[in-house]
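Descriptive structure summary
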Amino acid sequence: MKATAKLLLVAIALAAFAIPAETYAGKLVIEKINVIVKQMGDDEFALHFQFSLVGLPTEVKIENLLIDYAELSFGVQVITPAQRGQVGGKLLEILAATADGKALSDFNYNVYPAIGHIRRKQAGTEEVKLDITRLVEHWVKGGVSNHGLLVASHRNAGDKAFRQGIVELLPKFKPTVTIFYTVQDE
């Protein structure tokens, strides 16, 4: 009888307090990515990466899906290494794209976009890894439509990173997007 009374007290206590929500984490790797090389004038170019976020949980409320980290990884062929102390020829901007592959002009994220860089220490192949977390969050939360992203030389850099004869896209190196996320159920 004492055991039954204790079980009853535990049941009442549990009913009085909400049982905490279940939280779980996941990882999504996207390998189906369309890459378009966009000429920007003269010998400069940008890369337009198009991909879908299919595979992220859809059975939960948007506010319960947290993007912990998202990364775009792709390969380049460095033809001309950067000179010692040269910074401008390495900096990249990561911009939200429009449906026709241009930078989305009326989107605040693009005014102060995430930046990345190419190491360009020596000629040869290089894997470029860019943090695209903020942009994926905007897509998931509905701040802007996902028409892909543009990776371009930083607009304020005098020496552009993406120029023919300096750096070229390495088609053999399949680009990937990796997204780490957390879901908290109610």
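Residues numbered from 1 in each chain as written. Predicted model: local features only at pLDDT ≥ 70, side-chain atom pairs only at ≥ 80, totals over all residues. Heavy atoms only, no water.

Turning to helix H3 (residues 133-141), its buried residues are Thr133, Leu135, Val136, Trp139 and Val140. Down the axis of H3, the sector holding all buried residues measures 160°, keeping them to one side. Following H3 by one or two positions, glycine 142 adopts a phi angle in the positive range, close to 85°. (Buried < 20%, exposed > 50% of the residue type's maximum accessible area, 1.4 Å probe, protein only. Helix = DSSP H or I, 4+ residues; strand = E, 2+ residues; numbered from the N terminus. Arc of directions from axis to C-beta.)

For the rest of this paragraph, the subject is the packing of aromatic side chains. For the structure on display, the rule yields two aromatic pairs. Relative to phenylalanine 74, the ring of phenylalanine 49 lies with its centre 5.0 Å away and its plane at 45°, an arrangement referred to as tilted. Of this pair, phenylalanine 49 sits in strand S3 (residues 44-50) while phenylalanine 74 sits in strand S4 (residues 65-78), and the two are 25 residues apart along the sequence. By relative accessible area, which is 0% here, phenylalanine 49 ends up buried. The buried category is assigned to phenylalanine 74, whose relative accessible area is 0%. Ring centres 5.6 Å apart and planes at 75° place the aromatic pair phenylalanine 51 and tryptophan 139 in the edge-to-face group. (Phe/Tyr/Trp six-rings, centres within 6.5 Å; stacked < 30°, edge-to-face > 60°.)

Let's shift gears to the sheet that holds S3. Read from one edge of the open sheet, five strands run S2-S3-S8-S5-S6, paired in antiparallel fashion. Since the sheet does not close on itself, it has two edges, and those belong to strand S2 (34-41) and strand S6 (114-117), each with one partner. Geometrically, the sheet is characterised by an average inter-axis angle of 30° between neighbouring strands, direction not taken into account. Of the strand pairs in this sheet, strand S5 (residues 91-96) and strand S8 (residues 149-153) are connected by five bridges, and their pairing is antiparallel. If you follow leucine 92 over to S8, its bridge partner there is serine 153. (Pairing = 2+ DSSP bridges. Axes fitted to C-alpha atoms, helices over the stretch in contact; angles between N-to-C directions.)

All right, on to the environment of serine 153 then. Along the chain, serine 153 falls in strand S8. Considered as a pair, serine 153 and isoleucine 115 are 38 residues apart in the sequence and their alpha carbons are 9.5 Å apart. For serine 153, the contacting residues outside a window of four places in its chain are Glu44, Leu91, Leu92, Glu93, Lys160, Ala161 and Phe162. (Contact = heavy atoms within 4.5 Å.)

This next bit is on the pairing of strand S10 (residues 176-184). Regular strands place their side chains on alternate faces of the sheet. Burial analysis of S10 places seven of its nine residues in the buried class, the great majority of the element. By the bridge criterion, eight bridges tie strand S1 (residues 23-30) to S10 in an arrangement that is antiparallel. Looking at S10, one finds that threonine 23 is bridged to glutamine 184. Sheet analysis places S4 next to S10, joined by eight bridges and oriented antiparallel. The residue bridging tyrosine 69 from the neighbouring strand is phenylalanine 180, located in S10.

By themselves, these figures tell us nothing about what the structure is for.
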